[in-house]
Amino acid sequence: MARVKVESTWYPLEPEESVLDGLLRQGVAVPHSCRAGACQSCMMRGVAGNVPPTAQSGLKDTLKARSYFLACMCKLPEGTGLEVAGAQDLRVPARITAVEQLTADVLRVSLEPEAPLDYRAGQYITLLRADGLARSYSLASLPREKHLELHVRQVPGGTMSGWLAREARPGEQVALQGPAGDCFYVPGASEAPLLLAGTGTGLAPLYGIARDALEQGHTGPLFLFHGAREPGGLYLVETLRELAARHANFHYRPNVLCGGGDGVEEGSIEALVRTILPKRPLGWRAYLCGNVEGVLSLRKKLFLAGFSLKDIHADAFLPSTPPGGPLAGAA
Amino acid sequence: MSSVYEQLGGEPAMAAAVELFYRKVLADDRISHYFEDVDMDRQAAKQKAFLTMVCGGPSHYSGKDMREGHRHLVKRGLNDIHFNAVAEHLQGTLEELGVSADLVRQVMAVAEGARADVLNR
């Protein structure tokens, strides 16, 4: 039997059970969301004992060096024990400054952190409510801006999104953890064509990345494809049209599956993206964000169309997962 | 006598070859389902290890690994047709990269030698 110690109590783990599942099962509150090693909400710190390297996959070296790990990815060898502590040290207190409705089911949440957050446009953070409820969201803002901006999809029955929509008021205290993720603009090759594509709130990181690239003097063409089912699902349309009017190399291509017209194209985002790709997309870089199926499918299509894997930055949004496996509509 | 791996240019040559090869197998309906992987980077790394092995480069694969690594695929119906298709793409990749006919023959002979292990017989 393996076991894990939190605040002077040892908790036994079932064979193959993760530290996160074992602690939650025995009533220990640990912030968590995706349970797949991506969102980093469940980060903890090893205090004594060995942290398995697989539990540190994807963490920054500075965090690894301090024995931080992801509880959802941490399975301990039989007979071993690990003493752990929460990751409170990594959290930054913040205040909600505004919640606005962008579409029928997308909120813009503005936050002001107590201390500046060191991040790259396009990365994501974990938002923690006072009771420890945690969800990860991409940043749509730029580091030079005073407020952090998140685009939150209102999920039917969603705990965090429902709270943000109905109860959270300006001034509300929350905490932030992060940033994480490597879907951001890297200076260099400023003439390279950039393809940014996403559906729904996949626009959040793309909006940050596009503005970041333009501000950093990117001269190559930037194509931003934002897809939705119908026109009501698109947002920031006027803002992005104005951005395109100011930058000749920025091409904003909103698209919908049905009800196109008035500057909004109709068709699948994959088919529309295909129309701008040259036969050999040498030097092209792509940023793909949004729901998992869409991101994975488009990444494969771009690879087959000649993109190198290292030039495709993909950020698939994972839904939050309750114990016992995925449940539809949770977030 | 240096290995085919060294003659081709070592690790950088494998890195260049793997994307060509991966694209070919992923675009081939006969075998693409064996290569679908949510984590494309991991899949590419596996294929790079395979290319390195058949070219005689530093490899940690044993015949036993090949057997065990493919057992679940054989259960799903992996057979000579699929093996031949992969071999065809391996040859196509090397030829596209301008590898001499002699070296291609050597690589294909090594690949052929792995057939029994891959197909678990």
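Counting starts from 1 at the beginning of each chain's written sequence and moves along it residue by residue. Lettering for chains starts from A, numbering for ligands starts from 1, and both go in the order in which the items are written. With the structure being a predicted model, the display of local features is reserved for residues of pLDDT at least 70 and the display and counting of side-chain atom pairs for 80 or more, all residues being used for whole-chain, interface and lining totals. Side-chain numbers come from the whole structure's heavy atoms, not from hydrogens or water.

A.B. asks: Sorry, what's going on with the interface of chain B and chain A here?
C.D. replies: A common way to state how big an interface is: give the accessible area lost once the parts meet. It only takes one pair of heavy atoms within 4.5 Å for two residues to be counted as in contact. Each partner contributes to the interface: chain B provides 10 residues, whereas chain A provides 10 residues. Taking both sides of the interface into account, the surface hidden between chain B and chain A amounts to around 950 Å²; carbon and sulfur atoms contribute 62%. Among the residues chain B hides against chain A, the three largest losses belong to Glu-19, Arg-23 and Met-40 of chain B. Together they make up 58% of the total. By definition, a salt bridge exists where a carboxyl oxygen of Asp or Glu is found within 4 Å of a side-chain nitrogen of Lys or Arg. Inspection of the chain B/chain A interface yields 1 salt bridge. Across the pair Glu-36 of chain B and Lys-300 of chain A runs a salt bridge, and its minimum N-O distance is 2.6 Å. Think of a polar contact as two N or O atoms within 3.5 Å of one another; within protein, one of them needs to be a possible hydrogen donor and the other a possible acceptor, and neighboring residues in sequence only count if both atoms come from side chains. Put simply, chain B and chain A have 5 residue pairs in polar contact (both at pLDDT 80 or more) between them. A run of DSSP states H or I qualifies as a helix once it reaches four residues; a run of E qualifies as a strand once it reaches two. Both are numbered from the N-terminal end. Those elements giving two or more residues to the side of chain B that touches chain A turn out to be helix H2 (10–26) and helix H4 (40–54) of chain B. For the side of chain B that touches chain A, the element with the highest residue contribution is H2 of chain B, accounting for 4 residues. Defined here as a combined quantity, buried area equals the accessible surface (1.4 Å probe) lost by two parts on assembly, summed across both.

A.B. asks: Explanation requested: the pairing of strand S13 (residues 222–228) of chain A in the structure shown.
C.D. replies: Residue and element names in this part refer to chain A. Summary of the burial criterion: residues with accessible area below 20% of their type's maximum are buried, those above 50% are exposed, and those between are partly exposed, where the area comes from a 1.4 Å probe applied to protein chains only. Counting buried residues along S13, 7 of its 7 residues qualify, which places the element largely inside the surrounding structure. Burial of the side chains of S13 extends over both faces: Leu-222, Leu-224, His-226 and Ala-228 are buried on one face and Phe-223, Phe-225 and Gly-227 on the other. Paired strands are those between which DSSP finds at least two bridges. In terms of strand pairing, strand S12 (residues 194–199) meets S13 through 6 bridges, oriented parallel. Looking at S13, one finds that Leu-196 is bridged to Leu-224. Handedness of the S12-helix H4 (residues 203–215)-S13 crossover: right-handed. With 7 bridges joining them, S13 and strand S14 (residues 250–256) adopt parallel strand pairing. Considered in S14, the bridge of Phe-225 is made with Arg-253. A crossover counts as right-handed when, viewed with the strands pointing away from the observer, the path leading from the first strand over the helix to the second turns clockwise.

A.B. asks: Please explain the sheet that holds strand S9 (residues 134–138) of chain A as it appears in this structure.
C.D. replies: Each strand in a sheet pairs with its neighbour through backbone hydrogen bonds, running either in the same direction (parallel) or in the opposite one (antiparallel). All names here are of chain A. Here 6 strands make up an open sheet; going across it, the order is S9-S8-S11-S6-S7-S10 and the pairing antiparallel. Every other strand in the sheet has two partners, leaving S9 and strand S10 (148–153) as the edge strands with one partner each. On average, each strand axis in the sheet is tilted by 40° relative to the strand beside it, whichever way the strands run. Here strand S8 (residues 124–128) pairs with S9 via 5 bridges, running antiparallel. Bridging from a neighbouring strand, Ile-125 pairs with Tyr-137 of S9. Lines are fitted to the C-alpha atoms to define the axes, a helix being fitted only along its stretch in contact, and any angle between axes, read from their N-to-C directions, falls within 0 to 180 degrees. In this fold helix H3 (residues 159–166) packs onto strand S6 (92–103), strand S7 (106–113), S8, S9, S10 and strand S11 (173–180), with an angle of close to 75° to the strand it touches most, S9.

A.B. asks: Where do I start with the domain arrangement of chain A in this structure?
C.D. replies: Residues and elements named next belong to chain A. For the purposes of this description, domain bounds are those given by an automatic or database domain assignment. Along its sequence, chain A is organised into domain 1 (2–89), domain 2 (91–180) and domain 3 (194–317). A C-alpha centroid distance of 25 Å is found between domain 1 and domain 2. With 11 residues of domain 1 in contact, the opposing surface of domain 2 contributes 10 residues. Of the roughly 880 Å² buried between domain 1 and domain 2, counting both surfaces, carbon and sulfur atoms make up 39%. Across the contact surface, domain 1 and domain 2 share 0 salt bridges. The tally of links between domain 1 and domain 2 comes to 6 residue pairs in polar contact (both at pLDDT 80 or more). In terms of residue class, the side of domain 1 that touches domain 2 is built from 5 nonpolar, 5 polar and 1 charged. Ten residue types, Ala, Val, Leu, Ile, Met, Phe, Trp, Tyr, Cys and Pro, are classed as nonpolar, four, Asp, Glu, Lys and Arg, as charged, and the remainder, Gly among them, as polar.

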